[in-house]
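# Coordinate inspection notes
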Amino acid sequence: MKSNKRWLKWICLGLACGMALSGCSGNGDDSTDSQGGSGNLPVIRFATNYMAGTEQFHSDFSEMVEAYAASVKDKYTVEFESESGDNLRDKIKTDLAADNLPDCFHYWTAGSVKDMVDNNLLLDIDEYFAVSKNLSRDNYPESSLGVYTFDGKTYGFPIEGSSNYMLYNKEIFDEKGLTPPTNMDELLEVSKALSADGIVPLAVGSSAGNPAHFWYAAVFYQYYTQEESNTICGEQDKWLGEDNIVKTGNLIEQMRDAGTFPADTLGSGDFAPAVSMYNEEKAAMIYAFPWVIQQFTDEIVEKSEFMDVPVMPDAKYSTSDFVVGGTNFGFVVNAKSFHDESKQAALVDFVDYLLGDEVNQLVAESGRWAVKIQEYDESKLNPLYVRAQEYLDGREERVHLWSNMPAAASQEVFSYAMDELWAGSATVDQINQDIQDSINSDLS
Amino acid sequence: MKKRRDMAFSAFFLAPALIVFVLLIIIPIVMTLEYSLTSWRGVGEMNFVGLENYIKLFQDRNYITTVLNSFILLIIGLVVQLSFGMVGAFLVSRLNRGYKFYRSVYYLPSIISAAAMALLFSIFFNADMGPFNEILSALGFGDSIAGRSWLSDSSVVIYFVAVPQIWQYMGQQFIIYLAAVQNIPEELFESASLDGASSAKMFFKITVPSLRPITSVVVILIITGCLKAFDYPWIMTTGGPGYSSSYMAVMMYREVFKNGHFGYGSAVAMSILFISLILVVIYNQANDSLGSEKNQEKRARRRRMKI
């Protein structure tokens, strides 16, 4: 009996060891590894939000880039790390904290990369251009490169501009006997008339600041130049004392109280709900952006006309002379990866492809405001994109305030302050104080 | 010798779980504690600041808001989930027919993804497009009720974020209590019934006392679940407007991953741990005290005096 028990114990032990070892065996295929790299081939980790999403662009981009990765699988392996939309920011912050930045990744501009630049994590692109066969500084407008430039050096490749545009549904306006508002008084009148009929006048809500902060900038820049904005956002204690910033907040409050925005500013905030509302003709006007162009239906595009943002009281600058936008998205390279001689050639080859004409043409076809200087096949561009470009041609670009904030923390505080402003859950003074505190904190 | 061999054998089988526990629970807690004592932004040097982050927490009105919100969720959870779990389990256990149907129906919401549920409710409560306000209007409520933007109204948004979460997990407590109720000897109910006790009296005099041990477990589950809640407010409102629908875990996430304040966010994370521990200890002490022989004798004496 005793020896049976002893045998049973040893059998159980053996089974347990066997199960443990079988769980550890093999390399475990990395689900992000498209190539199943082997041997000593360099591995390039590429993070992006261009591959996750429901737009045609996302699947086209994935197909294109994965095909290229397959074509070079004998030279190097590409590992794709894909996150959707703003989640890419969270992912990169996590990688940063884990000292595990990808080799190259899409990312936002200006304040978003400040921490990485300050810690010498990103590559000076002039070093890249020195070895690249296909790319040079001449491929990019200097104004676009400026968003990645700190102390005279540029740390990223600009890809997308964010030029904002405003559309109205001509059919709704004609039915109601209204004309598109050209100033604040007309905007408030039109808002009252439309909301009385159950139509949202302007599909701009605020969820984590989107898309509200763009509309806020459209009002703000009627009182400030780009240089003034740079000072207000880039120096301590400049935001709070500004009368026109208080005025901007008060004007937004007036619009909110007149029912200009969706009633549920948070629930109907963010880009997709705004476009959905406009597509379904539940909203008469929309303030929109390049990256949502593909989401508009053909029917609504037919019914839509461009308009300028209504002029605010005592505005110094005409809304027909400027466009809120600026390059807000691009591509950066991990400096450490570039300086690793074992992977530099592979990295340069892959980045040259990613930033090349073919991929960039696809970016432009999606409606995104491609900033790279190259020949674009205009016959393949989205018609609304072409119309928007024509409408906004020649206007001075003003960088939207979120991008102008000094670092990530103040960008987030600014975004959430917009939620509070739109929802009326904080006063203009409280919001401005919070924004000032965060700017001061980031600059200290 | 045999005892030592047996202990070694037990230790061998416990070791994997212990290693995983240390690697995935203890070490991260210690690291989080370390980060909470710094002003680290996720990159560059970690500057030691001592308890500065914790002092800042108690001066931060946003943090106080999130603590209050977490306690609102906790109180609603304790009241609703405990009572539904207990009463529901008692009633369903008394059924002759339909027992399995009710058991499945009440548990069903718990198995659905929280993210999907949160998205569903965010559309449901949307004042511009959702059906909730239309239902209220059809029920005869005026614009002051049926026209409100529940998710954008900072005075009430926390309730509209809390209620769906409480509703989704009611089934879990129900199932736990159902299993416990079924272990109460049937003879107790039979003899009470013979003595003329009503269902309510049987519930309060037999079921509730018998479920005390399992109630301890359920309360601890509710406390820990509510204090680490994140998904509902994040998906429905991202914790806004401002922080009015944020729980402590949402604030932790925003501070670390949105604002890049790893040190401060870690302090928020540690505060969740400390508050959970304090509440659980207080509850256990209160529970033990209630259940102690001395207190049981006191209560019996009071009952006899009443008779």
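Residues numbered from 1 in each chain as written. Chains lettered and ligands numbered in written order. Predicted model: local features only at pLDDT ≥ 70, side-chain atom pairs only at ≥ 80, totals over all residues. Heavy atoms only, no water.

What follows covers the sheet that holds strand E14 (residues 327–333) of chain A. Residues and elements named next belong to chain A. Strand order in the open sheet formed by six strands is E2-E1-E3-E14-E6-E15, and the pairing between neighbours is mixed. Of all the strands in the sheet, the pair left with one neighbour each is strand E2 (77–82) and strand E15 (369–370). Here two bridges tie strand E1 (residues 43–48) to strand E3 (residues 104–108), and the two strands are oriented parallel to one another. Considered in E3, the bridge of Phe46 is made with Cys104. In this fold helix H3 (residues 87–97) packs onto E1, E2 and E3, with an angle of close to 125° to the strand it touches most, E3. (Pairing = 2+ DSSP bridges. Helix = DSSP H or I, 4+ residues; strand = E, 2+ residues; numbered from the N terminus. Contact = heavy atoms within 4.5 Å. Axes fitted to C-alpha atoms, helices over the stretch in contact; angles between N-to-C directions.)

With that settled, the discussion passes to the nonpolar core. Counting 142 residues, the largest nonpolar core has Phe46, Tyr165, Trp215, Tyr216, Trp239, Phe296 and Phe350 of chain A as its most contacted members. The residues that make up this core include at least three from each of domain 1 (40–162 + 327–373) and domain 2 (165–325 + 395–443) of chain A. With near-sequence residues (within four places) excluded, Tyr165 of chain A lies in contact with Ile286, Tyr287, Ala288, Phe289, Pro290, Val292, Ile293, Phe296, Phe306, Leu384, Ala388 and Leu392 of chain A. The next biggest cluster of nonpolar side chains, apart from the first, holds 65 residues, and it includes Tyr99, Met117, Ile223 and Ala267 of chain B. (Core = buried A, V, L, I, M, F, W, Y, C linked by side-chain atoms within 4.5 Å. Buried < 20%, exposed > 50% of the residue type's maximum accessible area, 1.4 Å probe, protein only. Domains from an automatic or database assignment.)

Further remarks concern the pattern of salt bridges. Two side chains with opposite charge may pair up if their charged atoms get near one another. All names here are of chain A. Under the criterion given, the structure shown has 29 salt bridges over all chains. One salt bridge connects Glu412 with Arg89, and the closest N-O pair in it is separated by 3.9 Å. Taken as a pair, Glu412 in helix H19 (residues 408–423) and Arg89 in helix H3 lie far apart in primary sequence, 323 residues in all. Judged by its relative accessible area of 6%, Glu412 falls in the buried class. Take Arg89: its relative accessible area is 7%, and that puts it in the buried class. A salt bridge links Glu160 to Arg368; its shortest N-O distance comes to 3.4 Å. Highlighted residues: Glu160 in strand E6 (residues 157–161) and Arg368 in the loop between helix H16 (357–365) and E15, separated in sequence by 208 residues. One connected set of salt bridges, linked through shared partners, spans Arg45, Glu81, Lys91 and Asp95. (Salt bridge = Lys/Arg side-chain N within 4 Å of Asp/Glu carboxyl O.)

Residue and element names in this part refer to chain A. Each assigned domain of chain A is listed here: domain 1 (40–162 + 327–373) and domain 2 (165–325 + 395–443). The gap between the C-alpha centroids of domain 1 and domain 2 is 30 Å. Tallying the contact residues gives 22 residues for domain 1 and 18 residues for domain 2. In this assembly, domain 1 packs against domain 2 so that about 1,500 Å² is buried in total across both faces, 48% of it on carbon and sulfur atoms. Considering only the surface of domain 1 that becomes buried against domain 2, Glu55, Gly111 and Ser162 emerge as the three largest contributors, covering 29% of it. Applying the counting rule to domain 1 against domain 2 returns one salt bridge. (Buried area = accessible area lost by both parts, 1.4 Å probe.)

Moving on: the interface of chain A and chain B. Contacts between the two partners involve 34 residues from chain A, matched on the other side by 32 residues from chain B. Buried area between chain A and chain B, summed over both chains or domains, comes out near 3,000 Å², and the portion from carbon and sulfur atoms is 54%. At the junction of chain A and chain B, the tally comes to four salt bridges. Across the pair Asp434 of chain A and Arg61 of chain B runs a salt bridge, and its minimum N-O distance is 3.2 Å. For the pair chain A and chain B, the interface holds 17 residue pairs in polar contact (both at pLDDT 80 or more). (Polar contact = N/O pair within 3.5 Å; in protein donor to acceptor, adjacent residues only side chain to side chain.)

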